[in-house]
Amino acid sequence: MFKAKYISNFILNYLAMFKGINAIEFSKKFANNEDCYKYLITIKWGNGYQCSKCGCTDSYKGRTYYYCRCKQCGYDESVTANTIFHGMKMPVLKAFHMVFRLTAKKKGMSTVELGTEVGVEQKTAWLFKRKVQAAMKKDSDDKLKGHVDIDEALVGDTLLQLAEAQKRRVPYW
Ligand SMILES: [Zn+2]
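All chains use their own residue numbering, which begins from 1 and follows the written sequence. The predicted nature of this model means local features are confined to residues of pLDDT at least 70 and side-chain atom pairs, given and counted, to a pLDDT of 80 or more, with totals for whole chains, interfaces and linings taken over all residues.

## What to know about the environment of Phe96
Logical step 1: Helix and strand definitions here come from DSSP, where helices need a minimum of 4 consecutive H or I residues and strands a minimum of 2 consecutive E residues; each element is numbered from the N-terminal end. Structurally, Phe96 can be placed in helix α4 (residues 92-104).
Logical step 2: On a C-alpha basis, the gap between Phe96 and Ser27 in space is 9.9 Å, while along the polypeptide they are 69 residues apart.
Logical step 3: In this description, a residue-residue contact is defined by the distance between C-beta atoms placed from the backbone, which must lie within 7 Å. Ignoring sequence-local partners within four residues, the contact set of Phe96 consists of Phe30 and Cys36.

## Considering the sheet that holds strand β3 (residues 76-78)
Logical step 1: Whether two strands pair comes down to DSSP finding at least two bridges between them. Spatial ordering of the open sheet is given by β1-β2-β3, a layout of 3 strands whose pairing is antiparallel. At either margin of the open sheet sits one strand with a lone partner, and together these are β1 (59-61) and β3. Taken pair by pair, the neighbouring strands of this sheet meet at an average axis angle of 35 degrees, ignoring direction.
Logical step 2: In the sheet, strand β2 (residues 67-70) pairs with β3 via 3 bridges, with the strands oriented antiparallel. By the bridge assignment, Tyr67 is partnered in β3 with Ser78. Working convention: axes come from line fits to C-alpha atoms, limited for helices to the stretch in contact. Angles between N-to-C directions cover 0 to 180 degrees.

## Here we look at the nonpolar core
Logical step 1: What we call a nonpolar core is a set of buried Ala, Val, Leu, Ile, Met, Phe, Trp, Tyr and Cys residues whose membership is set by joining through C-beta atoms within 7 Å. Buried, partly exposed and exposed are defined by the number of other C-beta atoms within 10 Å of a residue's own C-beta, namely 20 or more, between the two limits, and 12 or fewer respectively, with C-beta atoms placed from the backbone. Counting residues in hydrophobic clusters, the biggest one holds 18 residues, and the most contacted among them are Cys36, Tyr37, Val92, Ala95, Phe96, Met98 and Val99.
Logical step 2: In terms of residues, this core owes the most to one element, α4, which gives 7 residues.
Logical step 3: In contact with Val92, not counting residues within four places along its chain, are Asn33, Cys36, Tyr37 and Phe85.

## A short note on the packing of helix α3 (residues 33-45) against α4
Logical step 1: The N-to-C vectors of α3 and α4 enclose an angle of 70 degrees; their axes lie 8 Å apart at closest approach. In this view, α3 runs roughly perpendicular relative to α4, as classed from their interaxial angle. Between α3 and α4 lies a crossing of left-handed hand. The segment α3 lies against α4, with Asn33, Cys36 and Tyr37 engaging Val92, Leu93 and Phe96.
Logical step 2: When the residues that make up the contact of α3 with α4 are grouped by side-chain class, the tally is 5 nonpolar, 1 polar and no charged. Oblique is the label for any angle not covered by the other classes, which are roughly parallel (under 35 degrees), roughly antiparallel (over 145) and roughly perpendicular (65 to 115). For any helix crossing, the convention is left-handed if the near helix is rotated counterclockwise from the far helix by under a right angle, and right-handed if that rotation is clockwise. Residue type decides the class: Asp, Glu, Lys and Arg count as charged, Ala, Val, Leu, Ile, Met, Phe, Trp, Tyr, Cys and Pro as nonpolar, and the leftover types, Gly among them, as polar.

Next comes the structure, spelled out in C-alpha cells:
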C-alpha cells in the first residue's frame, strides 16, 4: 500500500522564503491569500504532483485553484494538507505573516504582540506559534539525525540561531 511521504523540511522552505527580506518586501510579496497559496503550490507541487493517499501522479483541477484532485482515487487535496497551515480557521495570509515575524525576530516576541500585529486573538497566535515551533523542531531533529536530503542553502540563519539558543537554553522567541 502506498504510504504518503511526509513533506519533510517544508518549514525550511518557508524559511528560505523569509530569509533576508524585510517586512516591507514581505508584505509586497504576500499581499493577499492568493499570493500565499500560489507560493505553497510552488513548494508542494512545483516539482510534480503526487496524491498523498494513493501516490498517483496524475491530477485534475480541484475544487479551487489551490486544490488538486487525484485521477486515480479522486482525493481532492488542498495545498495546505500535511503542512502547518492544515485546517486553519484564520486566513492563510495572517499565518504567513506570523511565520515571518516568528522567524525574523531574534529576540522574543510575545503572543500578545504577535496577535496584535496580525490581528488575531492571543490564543490563536499562541496555538499557531506552538505549531511553528514544533515544525521547526522536527525539521531540525531530522537534520541532526541525518535524515535530510535538502539543499543546505535552504537552512537559513534562523535555524542556526535557534540551535544556538537551544544550546544556551535561552528563549528564542
Ligand atoms: Zn489518489
